[in-house]
Amino acid sequence: MNILENLDFATAFKDLSPELLAGMKTVLGATVCGFFLALVLGTLIALGRISKIKLLDRILVIFLEIIRGTPLVVQLVYMYYVVPLILSLVAQFWIPEYQVNFDAFTAGTIALGINYGAYLSEVIRSAIIAVDRGQLEAALALGYTNRQAMWSIVIPQAGRIALPTFGNYIIMMLKDTSLLAFITVYELLLRTQAYASQTFLTIESYTLLALAYLVLSLPMAQVVRMLERRLGRHV
């Protein structure tokens, strides 16, 4: 009962709201940039895997196994702390004493994009395979090159097939941005932790954090459903 009497949501909301709003901008920025990178990377990997180049397929499979076999938080730390050192060592062959540095946001966004790109590649590959083969053959008969037919006919239809899964993944990525706190990105979780440790308003702070993620994810889910319905009418 004493705990309930000591709750002070009004103070926490007043003090923490500006921090959470700033954190939301960071989360949305990382999600949008990371998901765009994931889509590009996932599409390229999918196209590489359905190509007839066996060596490329094997290399991509090894890459996918490495990404899917290691935790995202480890990939974030590796991208932030290790990759710049490796790139700096390589760069020194051409430019002595040159140092490569990533800021935490950039490293985190790249790691998110690579991680989700690995998973999306299988979604995109399956969607491309699901498109009727006759669509590609008809486009080739009309004079399209294989590349033109793939990008103009097959991939747009594959995008419609994969859209519900894309929606799930972008919401998952939005929530996984909380892991960016491990590499000092000052997003929602790290801001909340700092405030809670200073004020000891633990219940209030983390409840507001959960609500902040709901404020971001629920409208995003509605937008995805709206796109599904709109595209469904044109299929």
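Here the structure is a predicted model, which means the values were calculated and not measured.

**Q** Looking at this model, I keep getting lost on the overall build of the protein. Mind explaining?
**A** For the protein, the count of helices and strands is nine helices and zero strands. Helices and strands appear in the protein in the N-to-C order α-α-α-α-α-α-α-α-α. In terms of C-alpha radius of gyration, the protein reaches 22 Å, well past the compact-globule figure of 18 Å for 235 residues. By the burial criterion, 39% of the 235 residues in the protein qualify as buried. Within the protein, counting contacts between residues at least 6 apart in sequence, those at least 24 apart form 76% of the total.

**Q** Help me understand the environment of Leu 44, please; the structure alone is not making it clear to me.
**A** Structurally, Leu 44 is set in helix H2 (residues 9-50). You can call Leu 44 exposed: its relative accessible area is 52%. In this structure, the C-alpha to C-alpha distance between Leu 44 and Met 220, residues 176 residues apart in sequence, is 26 Å.

**Q** What is the right way to look at the pattern of salt bridges in this model?
**A** Here the idea is simple: oppositely charged side chains can pair when their charged atoms come close. In total, this model carries six salt bridges according to the counting rule given. Notably, a salt bridge pairs Arg 191 with Glu 19, separated by 2.7 Å at the nearest N-O pair. Within this pair, whereas Arg 191 is found in helix H8 (residues 188-199), its partner Glu 19 is found in helix H2, the two being separated by 172 residues in sequence. For Arg 125, the salt bridge identified is with Glu 122, shortest N-O distance 3.0 Å. A residue pair is termed a helical-turn pair when its members lie 3 or 4 positions apart in one helix, as Arg 125 and Glu 122 do in helix H5 (residues 104-130) at three residues. Residues joined by salt bridges that share partners form a network here, namely Arg 49, Asp 57, Glu 122 and Arg 125.

Conventions and cut-offs
Residues numbered from 1 in each chain as written. Predicted model: local features only at pLDDT ≥ 70, side-chain atom pairs only at ≥ 80, totals over all residues. Heavy atoms only, no water. Helix = DSSP H or I, 4+ residues; strand = E, 2+ residues; numbered from the N terminus. Rg over C-alpha atoms; globule rule 2.2 N^0.38 Å. Buried < 20%, exposed > 50% of the residue type's maximum accessible area, 1.4 Å probe, protein only. Contact = heavy atoms within 4.5 Å. Salt bridge = Lys/Arg side-chain N within 4 Å of Asp/Glu carboxyl O.

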